[in-house]
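Understanding the architecture of this molecule
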Amino acid sequence: MAAAVRAGCAHKGFISVARRGSHSSTALKPQYDAIVIGAGHNGLIASAYLQKGGLKTAVLERRHVLGGAAVSEEIIPGFHFSRASYLLSLLRPHIYQDLELKKHGLKVYMRDPYSFTPMLEDGVRGRPPRSLTLGADLEKTQQEIGKFSEKDAKVYPDFLSYLERLACAIHPLLDAPPVDIPGLTQGSLRKKITALGSLKPLVKSGLKLGKNIPDFYELVTAPAIKVLNRWFESEPLRATLATDSVIGANTSPNNPGSGYVLLHHVMGELEKEKGAWGYVEGGMGGVSQSIARSARSLGADIFTNRDVKQVLIGQDGSAKGIILTDGTEVHSKVVLSNATPYITFKQLTPKLPNFLAAPNSADGKPGPHHQCSIHLNCESVEVLEEAYREGQQGRPSSRPMIEMTIPSVLDPTLAPPGCHVVSLFIQFTPYLLEGRRAWTDEDRERFADTVFDWVEHYAPGFKNSIVGKDILTPPDLERVFVWYICMLYHSKHSLHLYLARPLPSVADYRSPVKGLYLCGSGSHPGGGVMGAAGWNSALKVLADFKRL
C-alpha cells in the first residue's frame, strides 16, 4: 500500500492513501485592467467575472498548479490526490451556471449514503459491531439511527427541517457583500444613504427567519453540543453530527460559536440537491480547472510560476499593479489579492512613506532619506512661527511642525517584514485647550487627523497605510513619563465573520489602498463558501470601476 502523509495547519492534518487496484501559451502583458494575485478558486472566479464585465484580467499564481486549496496533484506516481480541499458542496449555484462549469469539464459524483460511523465495540450474539450510516433516503437513515435510539430516529426529520429553515435564510448573506460599515458611519450624507442599500440582504435574511431568529441566534452563538443535546440522546449520532461543527475549524463542539460551522455545512447544494456533497472527477483540482477554462474562454490570462513580490503603490496612494520576484513590473488599474489578509497587508503591500519629493524605488526598498529626521511643514520660519502662535493661544497648530523618524528602516526588529514604525514629534500642542479645557479622546483623534492630513500632503497614501496608532498629548506625556516632549505613533495589528472579516474597515473587500481589493478566504464569507468571496469582490470592483 502506498501512502502520502502531510501536515496541515495547526488544527488540521491530511492523510492521503493510495491502494493498488484503483485507478499559458499567452505572454504576460505589461498592462491590464485588473490583476488577481493567486489562482485559488476565489481568485479564478473573480477573474472570470471581471473579464466578463469588460476588464482585461490576468491571474498570477506562484505555484506550478492552479487551484490553491482546491487542487489535485500526483504526489505518488499514478495516484492523484485532492491535497487539501476534498469534497464539493458549497460552490454557489449561480456561479456554477454563470460560468458554465459543466460545459468546461466539471463532473461531480454524488454520494449516497454520505456518512458512515463504525463502532469500536464487541458484537452481540456473533453479530459484528454496530455502525451508523446516514444518507438521502430518510426511511433508511431513521432505521440506522433506531439501532441506537428510537426517539432520535423519530425526531431526526424535524432536526433536518430545523437546519434547512435556518440555512435558507442565510443564502441572501452569502450572495452579497457584507454591510458597508464605513459607508454608514463615515463620509457625506449622500454616501451614507447609498450605503443603506448594503443592509438589504440582512433585512431580507431577517424577514426569512421571522420567528426563527432566536433559534438562529442560538445556533450561531452557542456550543453545537448544546443544540445537539436538546435534540438527541444517542452518543454516536451526536458525535457524528458534531463533526460538521468542527471540521476545518480549530474549535470544540463545546465551544461557543461552533454551532455556526454546523450550519455552514448544510448550506451547500449539488445538482439542485440541498445539503449534498460529492467527489469531483479528477479530484478537487477539477473544480479549479473548470473555472480556469471558463475564465480563459472569456479572455482572462492565467499564469503559473509567477510569484508576486509586492503590490505597486502610486504617488496618489492607490494600487497600480504588481512586481514579480524576478523584478518584472505589471501595471493595472486595480489589484485583487487572493492571498490571506496577513500576507496581503504584511508582505505584499509596502508600508513605507512615499514622498512626492523623493519617490520610492520600484523594489520598495528604503531610500537614504527614510533614515533621516524628516521635517514637514518646515519650508519657512514663518510657518513655524504661526504654528507657535496658535499653540500659545491654546489651539493645536493647524499646520504643525512635524519631525518624522522611521527607525525600522535600519532596525528590522521593530516591525514585521514590509511594515514600519513611524514616530511623529509635533510642535505645538497646548497643555490645556483654549487655556482651560482638558483634552478629550475626540480632541486627540481630531488632532491626529490633522497631523496625518499634513503627512498625506507630502507622502500620499500614508493615511491608508496606518494599521494602528498611539497618541500622546502633553498631559499624556506628563502622566506616563512625567515630561513634555513629543507625540508618538506606532503600529500594531489585529485580525477578526460577516460584519468584520477580516476587519470592519476592509470587510467590503476594499482595502485601505485605493485599487487594492481582497478576494480570498480571509474576506466574507470565508473559504468554505466556495467562490462567494471571489464573486462578491469582483462585483465590488466592477461597481467601483464604473465610477473611476
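A brief structural summary. Bear in mind that the values here come from a model prediction, so they are computed numbers and not experimental data.

The next thing to look at is a nonpolar patch on the surface. Judged by side-chain polarity, Leu 189, Ile 193 and Leu 196 come together as a nonpolar surface patch covering roughly 320 Å² of accessible area. Here Leu 189 lies in helix H6 (residues 189-195). Note on Leu 189: relative accessible area 62%, which makes it exposed.

Attention now moves to helix H3 (residues 138-146). Note: α-helices contain 3.6 residues per turn, so residues at a spacing of three or four share the same orientation. All of the buried residues in H3 are Thr 141, Glu 144, Ile 145 and Gly 146. On its buried face, H3 sits against strand E9 (131-134), helix H4 (150-174) and helix H10 (235-246). Where H3 begins, one side-chain oxygen reaches toward the backbone nitrogen of Glu 139, 3.2 Å away; that side chain belongs to Asp 137.

Moving on to a negative patch on the surface. Taken together, Asp 112, Asp 137, Glu 139 and Glu 273 make up a surface patch of like negative charges. Here Glu 139 is to be found in helix H3. Judged by relative accessible area, which is 57%, Glu 139 ranks as exposed.

In this section: the packing of aromatic side chains. Under the defined criterion, the tally for this structure stands at nine aromatic pairs. A centroid spacing of 5.0 Å and a plane angle of 70° characterise the contact between Phe 159 and Phe 232, whose relative ring orientation is edge-to-face. Here Phe 159, found in helix H4, pairs with Phe 232, found in the loop between helix H9 (224-231) and H10; they are 73 residues apart in sequence, far enough to count as distant. The pair formed by Phe 159 and Phe 232 is uniform in burial state, with each residue classed as buried. Every member of this aromatic cluster is reached through a ring pair, and the members are Tyr 156, Phe 159, Tyr 162, Trp 231 and Phe 232. Lying across the ring of Tyr 279, Arg 111 places its NZ or CZ 5.2 Å from the centre.

Moving on, we come to the sheet that holds strand E19 (residues 423-427). Ordered in space as E17-E18-E19, the three strands form an open sheet in which the pairing is antiparallel. Taken across any chain shown, the strands that pair with only one partner, and hence form the sheet edges, are strand E17 (374-376) and E19. Pairs of neighbouring strands in the sheet enclose a mean axial angle of 20°, with direction left out of account. The sheet contact formed by strand E18 (residues 401-405) and E19 spans five bridges and is antiparallel. Bridge pairing in E19 places Glu 403 opposite Phe 425. Here helix H15 (residues 441-458) sits on the sheet in contact with E17, E18 and E19, set at roughly 110° to E19.

Reading the values: rules and limits
Positions within a chain are numbered from 1, following the residues in the order the chain's sequence is written. In keeping with the predicted nature of the model, local features appear solely for residues at pLDDT of at least 70, side-chain atom pairs appear and are counted solely at 80 or more, and the whole-chain, interface and lining totals rest on all residues. Just so you know, side-chain values use all the structure's heavy atoms and leave hydrogens and water out. Here, patches come from residues exposed beyond 30% relative accessible area and free of salt bridges, joined within 9 Å for like charges and within 5 Å for nonpolar side chains (Val, Leu, Ile, Met, Phe, Trp, Tyr). Per-residue and other accessible areas were derived by the Shrake-Rupley procedure at a 1.4 Å probe size, with only the shown protein chains allowed to occlude residues. Should a side-chain nitrogen of Lys or Arg be within 4 Å of a carboxyl oxygen of Asp or Glu, the pair is scored as a salt bridge. In DSSP terms, a helix is any run of H or I states spanning at least four residues, a strand is any run of E spanning at least two, and both are numbered starting from the N terminus. Relative accessible area decides the class of each residue, using a 1.4 Å probe on protein chains only: under 20% of the type maximum gives buried, over 50% gives exposed, and in between gives partly exposed. We call two residues in contact when some of their heavy atoms are within 4.5 Å. Here a polar contact means two N or O atoms within 3.5 Å. Within protein one must be a hydrogen donor candidate and the other an acceptor candidate, and residues neighboring in sequence count only if both atoms are side-chain atoms. In this tally Asp and Glu are treated as negative and Lys and Arg as positive; neither His nor the chain ends contributes. Think of each charge as sitting on NZ of Lys, CZ of Arg, CG of Asp or CD of Glu. Working definition: rings of Phe, Tyr and Trp (its six-membered ring) pair if their centres are within 6.5 Å, and the pair is stacked with planes under 30 degrees apart, edge-to-face with planes over 60 apart, and tilted otherwise. Definition used: whenever NZ (Lys) or CZ (Arg) falls within 6 Å of the ring centre and also within 35 degrees of the ring normal, the charge is taken to sit over that ring. At least two DSSP bridges between two strands are required for those strands to pair. Comment: axis = line fitted to C-alpha atoms, over the contacting stretch for helices; angle = value between 0 and 180 degrees taken between N-to-C directions.

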